[in-house]
Amino acid sequence: METSADSDRDNRHPELWDEPDHIRKELARTMDHIYSHGMTTTSGGNMSVIDSLGNIWITPSGTDKGSMKPDEVVCVAPEGTFSGSLRPSMEYPIHRAVYDTRPDIRALIHAHPPVLTSFSIVHRIPDSSVLMAWHEVCGAAGYAVYAIPGSDTMGETVAAEFRKGHDSVIMENHAVVVSGRDLAEAQARLETLEYCSRALHAAGFLGDTVKPGDVTGDNNEFMSGTPTQYAGRGFQSTGIEGVMSPGEELVAEEICRMTVRACGRGLMYGFCGTISARNTGNSYLLTRKKVLRCKINKADIIAGRTGEKGSSQEEWLHSEIYNRFPAVNAVITARPPHLMAYAVTGKDINVRTIPESWILLQQMPLVPLGAISPGREEIFEKLSSGIPAVLIANDSVLVTGNSLLQAFDRLEVAEMTAMSLILGRSLGKVNPISDNDVADLKRVFSGK
Ligand SMILES: [Zn+2]
């Protein structure tokens, strides 16, 4: 079935994946990204891309993954030969075996992100189906039983799971291998699975049962949507509507800057998270779907008109908020791990932890997943009552602001608040600010 995700991916210039310089640079960039985000160690982790001639471009063995250069990438010819002083990664047998068994896979990453690895050592698979956005990227992960690292048996065991159709495989007492139709998709899977693991881990501290998500699509009329329903117009990248105006350029640059910043703060990752900002009264700009958030640029920003349907629930919700709330100039949808621990357990979050949390958020109600469907009013009713952020069960956190910086600040405070509440539980009883303290805060900060 052709999905909107497939057509999005057509924008990725697959021909570039036969360009040696592009492959080398992207492997170095991706390794640098996963190292600097704590998802692999100096000596651990490896990744590869296969080109249309069957050459496997793979990271080298025994070098510093924290400072890998493009020219360190080793090219292994289809017959297994390579040149140069560096050897291919010791896990080359995994890469070879998976490419042999799944011709649709063009990129692989093996790494040891710590929380995902904790699942591997308790012999569990993180269940990404608790959130549709995670499940769309990760699908159901496979599980490969333990084998000696670097062995042909390890390669065969992992490849057998990919042969079943899985796109990511948990390696027992080891870590994970993820695949992609390009390196960006593999990176998105790795990050999403690690952040899903972090959220499930944090949910364990809340002592509540994780509630199943809805990945059937029943809850999402946009899943079967066709591109004609799409209200947004593209800019240079799609050629639909010419170039951006100088004003639009400024808004787009700010959206890109804040999206990349959100990745640095652990608030966004992979393809996950949407930032939009009002442009003029009835138009807004937002981040395109299925683009790595950490390297988003102006070509990945699209435009929409307020009150139009959009191609996804997220886009519809942003559009409708601009339509109904003239004072809102920025909307963010995100899935940071500690807030998602509350979203997947359905547990209320009490933001009366420190004055800053209360001042910025006042309260953050939890609405059911169905509330993001057209025709439902819960979210708009909350926003009408002056609440700037809501948690959507088994989906996301939605944050609004009169500026992008204000919305971003609220998102950051909301996630930090959730983190403090969860971490506090292992130290002692969590004590919220009293009603009297809140009354004082209202008097001083709200003029009420
Ligand atoms: Zn390993």
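Just so it is clear, the model here is predicted, and its values are computed rather than measured.

Now for the overall build of the chain. Of regular secondary structure, the chain possesses 14 helices and 14 strands. The C-alpha radius of gyration computed for the chain amounts to 22 Å, which stays within 12% of the reference 22 Å derived for 448 residues, consistent with globular compactness. A total of 448 residues make up the chain; the buried ones form 55% of that total. Relative to all contacts within the chain whose residues are 6 or more apart in sequence, the contacts with residues 24 or more apart total 67%. Looking at charge distribution, the chain has the averaged site of its 43 positive side-chain charges lying 4 Å from that of its 55 negative ones.

What follows is about the confidence of the model for the chain. On average, residues of the chain score 88 in pLDDT, and 90% of them are at 70 or above. Here helix α1 (residues 4-9) is the element of the chain with the lowest mean pLDDT, 41, and strand β11 (residues 330-334) is the one with the highest, 98. Contacts of residues 1-12 to residues separated by more than four positions or lying in other chains number 18 contacts, the stretch itself having pLDDT below 50. The low-confidence segment residues 223-232 (pLDDT under 50) makes 15 contacts with residues lying over four places distant or belonging to another chain.

As a further point, take the nonpolar core. In terms of nonpolar packing, the biggest core is built from 89 residues, with I109, W134, I332, L339, M340, I349 and V397 touching the most fellow members. If one sorts the elements of this core by residue count, helix α7 (residues 183-206) sits on top with 13 residues. Those residues in contact with V397 that sit more than four places away from it in its chain are I332, T333, A334, P336, L339, M340, M364, V390, L391 and L411.

The alternating pattern of strand β6 (residues 168-171) places S168 and I170 and V169 and M171 on opposite faces, both of which are buried. Once you follow strand β5 (residues 142-144) into helix α6 (residues 152-163) and on to β6, the crossover reads as right-handed. Judged from the four bridges that link them, β6 and strand β7 (residues 175-180) form a sheet pairing that is antiparallel. Among the inter-strand pairings, V169 is bridged to a residue of β7, identified as V177. Connecting β6 to the antiparallel partner β7 that follows it, the hairpin turn spans three residues, and N173 within it adopts a positive phi of roughly 50 degrees.

Looking at the zinc ion, the protein donor atoms are H110 (NE2), H112 (NE2) and H174 (NE2), and they sit 2.0 to 2.1 Å from it. Counting residues between consecutive donors of the zinc ion along the chain gives the motif H-x1-H-x61-H. According to the relative accessible area criterion, H110 is buried, its value standing at 2%. The class of H112 is partly exposed, set by a relative accessible area of 28%.

This brings us to the packing of helix α2 (residues 20-36) against α7. Packing of α2 against α7 leaves a shortest axis separation of 11 Å and a crossing angle of 10 degrees. With respect to each other, α2 and α7 are oriented roughly parallel. Judged by residue contacts, E26, L27, R29, T30, H33 and I34 of α2 engage L183, Q187, L190 and E191 from α7. Of the residues in the contact of α2 with α7, the class split is four nonpolar, three polar and three charged.

Criteria and thresholds
- Residues numbered from 1 in each chain as written.
- Predicted model: local features only at pLDDT ≥ 70, side-chain atom pairs only at ≥ 80, totals over all residues.
- Heavy atoms only, no water.
- Helix = DSSP H or I, 4+ residues; strand = E, 2+ residues; numbered from the N terminus.
- Rg over C-alpha atoms; globule rule 2.2 N^0.38 Å.
- Buried < 20%, exposed > 50% of the residue type's maximum accessible area, 1.4 Å probe, protein only.
- Contact = heavy atoms within 4.5 Å.
- Lys, Arg positive; Asp, Glu negative; His and termini not counted.
- Charge placed at Lys NZ, Arg CZ, Asp CG, Glu CD.
- pLDDT = per-residue confidence, 0-100.
- Core = buried A, V, L, I, M, F, W, Y, C linked by side-chain atoms within 4.5 Å.
- Right-handed = clockwise from strand over helix to strand, strands pointing away.
- Pairing = 2+ DSSP bridges.
- Donors = N, O, S within 2.8 Å, 3.2 Å for Na, K, Ca; no water.
- Axes fitted to C-alpha atoms, helices over the stretch in contact; angles between N-to-C directions.
- Parallel < 35°, antiparallel > 145°, perpendicular 65-115°, else oblique.
- Nonpolar A, V, L, I, M, F, W, Y, C, P; charged D, E, K, R; others polar.

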